[in-house]
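# An overview of the molecular structure
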Amino acid sequence: MIADMGCTTECQYCFVLRPNRSLSWRQTVMVFASFCIITLALVLPLVAMGFWLVLPFAGLELLAVGTGFYLVARHCHEREVICIAADTIRIERGRRKPEQSLTLTRTWARVVLKACPRQWYPSRLLIRVHGQTVEVGRFLVEEERRQLAEDLNRCLCVNP
Amino acid sequence: MSTAAPTHDHGHDHEHHGPAPGLSRWIFTTNHKDIGTLYLLFSLLMFFVGGAMALVIRAELFQPGLQIVDPHFFNQMTTMHALVMIFGAVMPAFVGLANWLIPMMIGAPDMALPRMNNWSFWIMPFAFTLLLSTLFTAGGGPAGGWTLYPPLVLQTGEAFPFVILAVHMMGASSIMGAINIVATILNLRAPTMTLMKMPLFVWTWLITAFLLIAVMPVLAGAVTMLLTDKYFGTSFFNAAGGGDPVMFQHIFWFFGHPEVYIMILPAFGVVSMIIPTFARKPLFGYASMVYATASIAFLSFIVWAHHMFTVGMPLAGELFFMYATMLIAVPTGVKVFNWVSTMWRGSMTFETPMLFAIAFVVLFTIGGFSGLMLAIAPADFQYQDTYFVVAHFHYVLVPGAVFSIMAAAYYWLPKWTGHMYNEKLGQWHFWLSVIGVNVLFFPQHFLGLAGMPRRIPDYALQFTEFNMISTVGAFIFGLSQLLFAYNVIQTIRGGAKATDQVWEGAKGLEWTLSSPPPYHTFQTAPRVD
Ligand code: HEM
Ligand SMILES: [Cu+2]
């Protein structure tokens, strides 16, 4: 998802990129809880009857489910902010707050949408200044990346 | 101003991206399309391996007496055939379809956990190499039936621990696949794709994945307890030590019945996508399809002992499981009604995917009816462990699950490869399959009603004719699958270019992509109306 929000005034143009996120953290917890309840409701009676060996497998599985959902939730909170100011481009990455930040000079910046030589694979959106290259929007859907490439190009062409 | 169109730029090596060259592309891939392809091809391979075993079985049963294999090997074939087909052919095919289609259908860039996706596929070849190699160990492979009942299964030779390990590996793979699918569907939907707008294939897989996650630990625990009973002196299922072998059956079927629905719910999803396309009408009763799927999933937890009517249960138990099983016919009936109503007054055309889908509706329903007969507890005392049961589950699994997979392959192959398959060959494949499958399995109803037991290499003379017919059908069906493999391979390698829309009546996000879905996955922002 590409949004236009949370930017400081120094930015002339600002893009906030986020992956699709259709499950809130609260819902994630609820889904995980429902997996625990369903699985334990099936497994605990068996344990009570003495077939305790199902328990470690249920535990391992729930651990895997929990880890999986946690990792996906973390990934879904990723965020990239591209801020185009009068003569710099600042790219920030992070989850709740910027954890990584990089500033490029705006002059000579070029936006390249690189197709993968092999179909089936996603394209990559690169911002290039002199020899320096930064990739943005890895987690976007193709058409969002394409849209972003167009928008970035348009913004960079406007004279500061 | 430079345009935003993707450019092919070979100037900067350090920016090279995309697949690794050669074989390592497939070993290390985390791309959902690659992994989906691997799953589907693996499943096709296992379909032929399992099919070869089935032909050994049918060849031996062509006549009474022992002609081709000895009884012990025959039993290995029945056991292995079932394990390979269930865990190696049908399940991976549906996971492969999920990998290919779910991200495209919900507007996600890939699966939620791409690296785990790679592992869950690559466990499978190892699991099946291990399983198949047990055929060459001292004492042969497992021969006690896919249901692994003790104490019989404990007589397996050196193969036993390897079989259990292989089952664990398949289970781990299924669980990882299921986690990935649930996480993808719940987390990565495009903003406008609400739950009740999801295509039915996505819905049925969501519910299937819940079932899988619920029952897999039960299977893992059960087979592990078999192992400790044999090697570590426990007596979970050993009556001599105070255990109860019947409890294994309860535990196994507590997993096993949901498992059979795991194999049919995604098939319902596939058919619910194909029929509207070729009837050129929206699916009749979308919401009722979702609720019917959910109720089938719920009911599948409370019917397991219909596999055990003859084992011995209190009368109340027999009655409970009889009525609970019959209840499943209600949501199943809703589905069949909806498919038929979708076709009613549609402008239908009969391309290969639609032919397979229609055959699914008709023949799966026959399997549902024989299921209802088996659900009648007093009648089941007669049918139990006869060929009638074999006929029942093959009707739901072959013209049911397997036909839906073939329908899906023909339907989406043009989208995946960018080439149209050979329609004429597809029609030949369909007609030979549908004739073959009925010649193969319909006589088995009569054999069962006349009392021929299942899982035997030899039989009494009065069963000869129907067995011969069945074997002829088996070879027609089996050999006509070579047409399918040929058609698929030819389509991958080339052929007429497919349009993006492919099918005039097709609806859904995946058809808005070009064929094959290239680097710019969606041309315009995915919108769901
Ligand atoms: C209307 C729905 C269904 C009903 C009422 C039903 C009922 C039954 C019953 C009562 C049995 C036990 C027969 C016996 O051993 O005496 C049975 C066996 C079986 N059913 Fe179904 N069934 C239904 C649908 C399905 C579906 C959809 C599948 C799979 C896709 C399936 C797969 C099997 C298998 C594999 C067995 C045999 C297991 C074995 O003993 O090896 N059934 N069914
Ligand atoms: Cu069942």
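What comes next concerns the included structure. (Residues numbered from 1 in each chain as written. Chains lettered and ligands numbered in written order. Predicted model: local features only at pLDDT ≥ 70, side-chain atom pairs only at ≥ 80, totals over all residues. Heavy atoms only, no water.)

### Concerning the pattern of salt bridges
- Across all of its chains, the model carries 10 salt bridges over all chains by this definition.
- Of the charged contacts in the structure, one is a salt bridge between D34(B) and R25(B), with a shortest N-O distance of 2.8 Å.
- Using a relative accessible area of 0% as the deciding quantity, one classes D34(B) as buried.
- In the salt-bridge network here, residues are joined through shared partners; they are R124(A), E135(A) and R138(A). (Salt bridge = Lys/Arg side-chain N within 4 Å of Asp/Glu carboxyl O. Buried < 20%, exposed > 50% of the residue type's maximum accessible area, 1.4 Å probe, protein only.)

### Let's talk about the packing of aromatic side chains
- Under the criterion given, the structure shown has 48 aromatic pairs over all chains.
- In this structure, K230(B) is placed above the aromatic ring of F160(B), and the distance from its NZ or CZ to the ring centre is 5.8 Å. (Phe/Tyr/Trp six-rings, centres within 6.5 Å; stacked < 30°, edge-to-face > 60°. Lys NZ or Arg CZ within 6 Å of the ring centre and 35° of its normal.)

### Some details on the site of ligand 1
Residue and element names in this part refer to chain B.
- Inspection of the region around ligand 1 gives 22 residues, with W146, D380, Q384, H392 and R454 positioned closest.
- Measuring from an oxygen atom of ligand 1, one finds a side-chain N or O atom of D380 at 2.5 Å.
- Contributing elements (two or more residues each) for the shell around ligand 1: α7 (245–262), α11 (352–375) and α13 (387–417).
- Element by element, the count of residues in the shell around ligand 1 is highest for α11, at 6 residues.
- Taken together, the residues of the shell around ligand 1 sort by class into 13 nonpolar, 7 polar and 2 charged. (Near = heavy atom within 4 Å. Polar contact = N/O pair within 3.5 Å; in protein donor to acceptor, adjacent residues only side chain to side chain. Helix = DSSP H or I, 4+ residues; strand = E, 2+ residues; numbered from the N terminus. Nonpolar A, V, L, I, M, F, W, Y, C, P; charged D, E, K, R; others polar.)

### Observations concerning the sheet that holds strand β6 (residues 110–114) of chain A
Residue and element names in this part refer to chain A.
- Taken in spatial order, the 3 strands line up as β6-β7-β8 in an open sheet, and their pairing is antiparallel. Both edges of this open sheet fall to β6 and β8 (132–136), since each of them pairs with a single strand only. Strand-to-strand twist across the sheet, computed as the mean angle between neighbouring axes with direction ignored, equals 30°.
- Sheet analysis places strand β7 (residues 124–129) next to β8, joined by 5 bridges and oriented antiparallel. Within the sheet, the bridge partner assigned to I127 lies in β8 and is V134.
- The strands touched by helix α3 (residues 142–157) within the sheet are β6 and β7, with β6 carrying the most contacts at an inclination of about 165°. (Pairing = 2+ DSSP bridges. Axes fitted to C-alpha atoms, helices over the stretch in contact; angles between N-to-C directions. Contact = heavy atoms within 4.5 Å.)

### Some remarks on the packing of helix α2 (residues 54–76) of chain A against helix α5 (residues 160–187) of chain B
- Following both chains from N to C, one finds α2(A) and α5(B) inclined at 35°, their axes separated by 10 Å at the closest point. In the crossing of α2(A) with α5(B), the sense of the turn from one axis to the other is right-handed. Where α2(A) approaches α5(B), its residues F57(A), E61(A), A64(A), V65(A), F69(A), V72(A) and C76(A) are matched on the opposing element by H168(B), I175(B), I179(B), V182(B), A183(B), L186(B) and N187(B).
- Across the contact of α2(A) with α5(B), the residue classes break down as 11 nonpolar, 2 polar and 1 charged. (Left-handed = near helix turned anticlockwise from the far one by under 90°.)

### A look at the coordination of the copper ion (ligand 2)
All names here are of chain B.
- Taken together, H257 (ND1), H306 (NE2) and H307 (NE2) make up the full set of protein donors to the copper ion (ligand 2), lying 1.9 to 2.1 Å away.
- For the copper ion (ligand 2), all donor residues lie on one chain, and their spacing in sequence is H-x48-H-H.
- Between the copper ion (ligand 2) and the iron atom of ligand 1 the interatomic distance comes to 4.5 Å. Note that H257 is positioned in helix α7 and H306 in the loop between α9 (286–299) and α10 (315–343), a separation of 49 residues in sequence.
- On the accessibility criterion, H257 (4% relative accessible area) is buried. (Donors = N, O, S within 2.8 Å, 3.2 Å for Na, K, Ca; no water.)

### A word on the coordination of the iron atom of ligand 1
- No other protein atom reaches the iron atom of ligand 1 as a donor apart from H392(B) (NE2), found 2.1 Å away.
- Positionally, H392(B) belongs in helix α13.

### Remarks on helix α2 (residues 32–60) of chain B
- Compared with an ideal rise of 1.5 Å per residue, which puts 29 residues at 42 Å, α2(B) spans 42 Å between its outermost C-alpha atoms and is within 8% of the ideal.
- At the N-terminal boundary of α2(B), the capping side chain belongs to N31(B), with an oxygen 2.7 Å from the backbone nitrogen of K33(B). (Expected span 1.5 Å × (residues − 1).)

### Focus: the side chain of T79(B)
Residue and element names in this part refer to chain B.
- Within the fold, T79 resides in helix α3 (residues 71–106).
- According to the relative accessible area criterion, T79 is buried, its value standing at 0%.
- For T79, the side chain forms a polar contact with the main-chain oxygen of N75, separated by 2.8 Å.
- Separated by 2.9 Å, the side chain of T79 and the backbone nitrogen of G145 make a polar contact.

### A word on unusual backbone geometry
All names here are of chain B.
- The omega angle of the peptide bond from P150 to P151 is 0°, so this bond is cis rather than trans.
- With a phi close to 55°, L148 is a non-glycine residue in the positive phi region.
- Non-glycine residue V502 carries a positive phi angle of around 60°.
- By the secondary structure assignment, V502 is in the segment after α15 (464–493).
- We classify V502 as buried; its relative accessible area is 14%.

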